[in-house]
Amino acid sequence: MKDTKKFEVIIIGGSYAGLSAAMALGRSLRKVLVIDGGLPCNIQTPHSHNFLTQDGKTPKEISTIAKQQVEKYETVQFYNGLADTATRTANGFEIATDTGDKFTSGKLIIATGIKDIMPNIKGFAECWGISIIHCPYCHGYEYRKQNTAIVANGARVFHIASLVNNLTEKITVLTAGNTDLDQEQMEKLNKHHIKIIEKNISEYEHNKGHIQNVVFDDGSKMSFDVAYAAIPFAQHSNIPLTLGCELTEDGYIKIDAFQKTTIEGVYACGDNSNMMRSVANAVYSGNLAGAMVNSELTKEQF
Ligand SMILES: Cc1cc2nc3c(=O)[nH]c(=O)nc-3n(C[C@H](O)[C@H](O)[C@H](O)COP(=O)(O)OP(=O)(O)OC[C@H]3O[C@@H](n4cnc5c(N)ncnc54)[C@H](O)[C@@H]3O)c2cc1C
């Protein structure tokens, strides 16, 4: 067994949310360890948008600047690897990594993001973040006025179609099975000349992640420039659950208005606890989590 090392705060996940929390804590001279697996969810997207001052930069450029700025704070340390388990101790938490290192802290911030669960359809994973996108705010502008598919059903498709309709008039909804839109929603889509195709999709033909055609299971094809897809997700880490943190009905870590989970001493920030998925929100919620944890430590120690 390797040495146990002691910190005031351990942050699991060192992407936008985790680094933002680390900056707030580092600036308060808190002894912090950031444990990071180095695989943010937007890794495949060529350019990140809609984050003020960094619009159009690559995801890596943004996280590199962020890490360089946090590294200036000497009380913040970094560990490359995965946090595997967390256990309660008399004074807080013990985190074990997947290679057997152990660290303890009084407080824990979970900034592990979410894992997108890709459908098992040829070409989908290769196009994810390039021409199959999850959010009009992140990439919709770049695909304005282009031939657009929305791959979803029910309330979700209706919501995305209403947003994307402001960006392009060339929209086709692919429900991949019988549509479950109600009459009123169907009428609205018709009013905006949005076609609905119910055929199942068997492949996304693409060139280096750029969609060319959607191929249906009857062999027919339609060409598109971009597809919006709503796909399911899972939490990246079991640690919140093993500590007893409650999840919401949608699968997010339940937090209060100050990023605090349902378990004392455990905070969460970023995508794992927020359906408004963006770099800006991850940075905001990490900043808030860092400040709230510092405030809790201050109350305990002052
Ligand atoms: C394809 C795609 C494109 C996007 N484009 C944009 C865009 O253009 N603009 C925008 O604002 N937003 C965009 N987003 C959303 C944005 O990327 C996320 O909201 C943001 O990355 C969330 O930050 P986070 O820190 O919560 O999680 P992530 O950035 O996903 O990082 C989570 C980190 O935690 C680590 N981790 C997970 N589990 C463990 C563990 N057990 N131990 C240690 N480390 C762990 C991971 O390795 C990773 O480094 C995009 C998302 C996707 C999926």
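Scroll up a little and you will see the structure.
So, a few notes on the structure that sits alongside this text. These figures come from a predicted structure and were not determined experimentally. (Residues numbered from 1 in each chain as written. Predicted model: local features only at pLDDT ≥ 70, side-chain atom pairs only at ≥ 80, totals over all residues. Heavy atoms only, no water.)

**Description of helix α1 (residues 16-26)**
Burial within α1 is extensive, with ten of its eleven residues counted as buried. Every buried residue of α1 is accounted for by Tyr 16, Ala 17, Gly 18, Leu 19, Ser 20, Ala 21, Ala 22, Ala 24, Leu 25 and Gly 26. (Buried < 20%, exposed > 50% of the residue type's maximum accessible area, 1.4 Å probe, protein only. Helix = DSSP H or I, 4+ residues; strand = E, 2+ residues; numbered from the N terminus.)

**A closer look at the site of the ligand**
Not every one of the 36 residues close to the ligand is listed here, only the nearest: Ser 15, Asp 36, Leu 39, His 49 and Asp 271. In this structure, a nitrogen atom belonging to the ligand sits 3.4 Å away from a side-chain N or O atom of Ser 48. Between the ligand and Ala 83, the relevant distance is 2.9 Å, taken from a nitrogen atom to a main-chain nitrogen or oxygen of the residue. Considering the ligand on its own, with 1000 Å² of exposed area, one finds that the protein chains cover 98% of that surface. Listing elements by their share of the shell around the ligand, those giving two or more residues are α1, β2 (32-36), α4 (136-139) and α8 (279-301). (Near = heavy atom within 4 Å. Polar contact = N/O pair within 3.5 Å; in protein donor to acceptor, adjacent residues only side chain to side chain. Areas by Shrake-Rupley, 256 points an atom, 1.4 Å probe, with all protein chains shown as cover.)

**Quick word on the environment of Thr 87**
Note that Thr 87 resides in strand β4 (residues 83-89). Residue Thr 87 is classed as partly exposed on the basis of its relative accessible area, which comes to 41%. Note: C-alpha distance between Thr 87 and Asn 281 (194 residues apart in sequence) is 29 Å.

**As for the sheet that holds strand β10 (residues 171-174)**
With respect to topology, five strands assemble into an open sheet ordered β8-β15-β9-β10-β11, the strand pairing being parallel. Of all the strands in the sheet, just β8 (132-133) and β11 (195-197) have a single pairing partner and so form its edges. Bridge analysis of β10 against β11 gives three bridges, and the strand direction is parallel. Bridge pairing links Thr 172 to Lys 195 in β11. Lying over the sheet, helix α5 (residues 154-164) contacts β9 (148-151), β10 and β15 (226-229), oriented at roughly 160° with respect to β9. (Pairing = 2+ DSSP bridges. Contact = heavy atoms within 4.5 Å. Axes fitted to C-alpha atoms, helices over the stretch in contact; angles between N-to-C directions.)

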